[in-house]
Amino acid sequence: MYKIKVHLRERSYSVCIGAGILKELGRLLRTFKFSRRAAVITYPPVESQFLNPVRDSLERERFSVVCLNLPAGEETKSLKTVEDIYHQLTSFRMDRASLLVALGGGVIGDITGFVASTYLRGVPYIQIPTTLLAQVDSSVGGKTGVNLEEGKNLVGTFYQPRLILIDTECLKTLNQRDFVSGIAEVIKYGIIKDRYLFSYLQENYKKVLSLHSPSLARVIRSSCHIKGRIVEKDEQEKGIRSILNFGHTIGHALETVTGYRQYSHGEAVAMGMVATSLISLRLGICNKQTHEDIMDLIRKTGLPSALPDRYTPDDYVQLIKLDKKVRSEKIRFIAVERIGRVRIIEIEPEELVKYLV
Ligand SMILES: NC(=O)c1ccc[n+]([C@@H]2O[C@H](COP(=O)([O-])OP(=O)(O)OC[C@H]3O[C@@H](n4cnc5c(N)ncnc54)[C@H](O)[C@@H]3O)[C@@H](O)[C@H]2O)c1
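Nothing here was measured: the structure is a model prediction, and the numbers come from that model.

Draft legend 1. Broad picture of the sheet that holds strand β4 (residues 64-69). Pairing in this open sheet of seven strands is mixed, and the strands run β1-β2-β9-β6-β5-β3-β4 from one edge to the other. Lying at the two open borders of the sheet, with one neighbouring strand each, are β1 (2-6) and β4. Averaged over all neighbouring strand pairs, the angle between strand axes comes to 20 degrees, with direction disregarded. By the bridge criterion, two bridges tie strand β6 (residues 125-129) to strand β9 (residues 163-167) in an arrangement that is parallel. Within β9, the residue paired with Ile 126 across the bridge is Leu 163. Seen against the sheet, helix α8 (residues 213-233) touches β1, β2 (13-18) and β9 and runs at an angle of roughly 15 degrees to β1.

Draft legend 2. Just the nonpolar core, in detail. With 105 residues, the main nonpolar core has Ile 41, Leu 100, Val 101, Leu 103 and Ile 191 as its most contacted residues. A domain split of this core shows at least three residues from each of domain 1 (2-173) and domain 2 (176-354). For Leu 103, the contacting residues outside a window of four places in its chain are Val 40, Ile 41, Thr 42, Val 46, Phe 50, Leu 51, Val 54, Ile 108, Ile 128 and Thr 130.

Draft legend 3. Geometry of the packing of helix α10 (residues 265-282) against helix α11 (residues 288-300). Two elements in contact, α10 and α11, have axes separated by 9 Å at closest approach and are oriented at 170 degrees. With respect to each other, α10 and α11 are oriented roughly antiparallel. Residues Ala 270, Met 273, Val 274, Ser 277, Leu 278 and Leu 281 of α10 form the contact with α11, whose own contacting residues are Lys 288, Thr 290, His 291, Ile 294, Met 295 and Ile 298. Of the residues assigned to the contact of α10 with α11, the class counts are eight nonpolar, three polar and one charged.

Draft legend 4. Highlighting the domain arrangement of the protein. Here the domain parsing of the protein yields domain 1 (2-173) and domain 2 (176-354). Between the C-alpha centres of domain 1 and domain 2 there is a distance of 26 Å. Facing the 22 residues of domain 1 at the interface are 25 residues of domain 2. Counting only elements with at least two residues in the side of domain 1 that touches domain 2, the list comes to β1, β2 and α5 (132-138). Grouping the amino acids of the side of domain 1 that touches domain 2 by side-chain chemistry returns 14 nonpolar, five polar and three charged.

Draft legend 5. Structural detail: unusual backbone geometry. A positive phi angle is found at Leu 211, which is not glycine, with a value near 60 degrees. Examined against the element boundaries, Leu 211 turns out to sit in the loop between α7 (195-209) and α8.

Draft legend 6. Local environment of α8. The terminal C-alpha atoms of α8, which comprises 21 residues, lie 30 Å apart, in line with the 30 Å expected from a rise of 1.5 Å per residue. Of the surrounding secondary structure, the elements contacted by the buried residues of α8 are β1, β2, α5, β9, α6 (176-193) and α7.

Draft legend 7. Highlighting the site of the ligand. In the vicinity of the ligand there are 27 residues, among which Gly 105, Gly 106, Val 107, Thr 131 and Ser 138 approach most closely. Taken together, the elements giving at least two residues each to the shell around the ligand come down to α2 (44-60), α4 (106-118), α5 and β8 (151-158).

Cut-off values and rules
- Residues numbered from 1 in each chain as written.
- Predicted model: local features only at pLDDT ≥ 70, side-chain atom pairs only at ≥ 80, totals over all residues.
- Pairing = 2+ DSSP bridges.
- Helix = DSSP H or I, 4+ residues; strand = E, 2+ residues; numbered from the N terminus.
- Axes fitted to C-alpha atoms, helices over the stretch in contact; angles between N-to-C directions.
- Contact = placed C-beta atoms within 7 Å.
- Core = buried A, V, L, I, M, F, W, Y, C linked by C-beta atoms within 7 Å.
- Buried ≥ 20, exposed ≤ 12 C-beta atoms within 10 Å, placed from the backbone.
- Domains from an automatic or database assignment.
- Parallel < 35°, antiparallel > 145°, perpendicular 65-115°, else oblique.
- Nonpolar A, V, L, I, M, F, W, Y, C, P; charged D, E, K, R; others polar.
- Expected span 1.5 Å × (residues − 1).
- Near = placed C-beta within 6 Å.

Quick look at the structure:
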């Protein structure tokens, strides 16, 4: 088992990564002073595959375990679900030292974290992410939240988990599209901080795509390490943490304009990263090789690289302005200088999209 520590003073925690480590959960919790009540929050495909080893491991450590099974899908990330969970936790007599366990992808992690941060003004929770996106991105860093009708992730908190347990075996049941979607975030980490990770992916993308355990563990470790180091520097996204949004400005615009139905998050981010490197090239911030390397790797992994041509630059301007990251006329845009290094620039959306055509 490989461990990465995220150092956040009294909110520090470990990310444990390995193959087949779900059964280690109870043992890993021995040093914590939780009461012996745990609620596992999960959804159907994951519950049938992975609840038993998690429950058994907790029960071996004398936890009394209840399971809350939510419907899968982004619609579940709502205040209505949160309220339902509060009622169930009350009926299970969960107290302030009881443990919440998020067993699932980003949807489960975000809701469980939000409930944990608010129920009884805060109870401990741990993350057991089961999608690649959740293993390399959403489980680390303590961003929790739910969606409103008006938009995604508009209500939320920063609330760190006590432990993250990443079992790479869980990825074996994930469908190909969800898996590849997570690869986009791994490529992102290479671009923003780690040229060795990027070249590892260039050379080994076929092994990663075939779920070769050591290759998977290698890229998940690097991704969690990078995210952990960035979160340590800027827990509440007041500065440097925004580089994690590389490719997301245009990616979010695409997700919004297509009603979150046509592209997965990773697919939209992949197209956003290629478009961002093209803008960086045309602004004279990176060279042609960097742009081509990014485009080439994204294509090789099977992710889409070209923006759909049915939208005009003006469409993108409107959508980017709607994005919650807009502070004034200018937006903070993460441009790439070279693989492993990005730069935050302030630019007007109108100016930005000029470089897309
Ligand atoms: N908190 C953060 O920092 C952060 C960062 C990025 C994304 N997010 C959020 O994460 C969510 C997307 O995460 P996601 O892609 O994991 O979505 P998800 O949780 O909806 O999972 C995608 C699909 O995979 C299925 N699934 C999960 N694990 C499985 C497994 N092991 N085997 C088979 N099927 C499995 C789920 O049932 C679901 O249908 C979004 O709501 C997004 O806003 C949060």
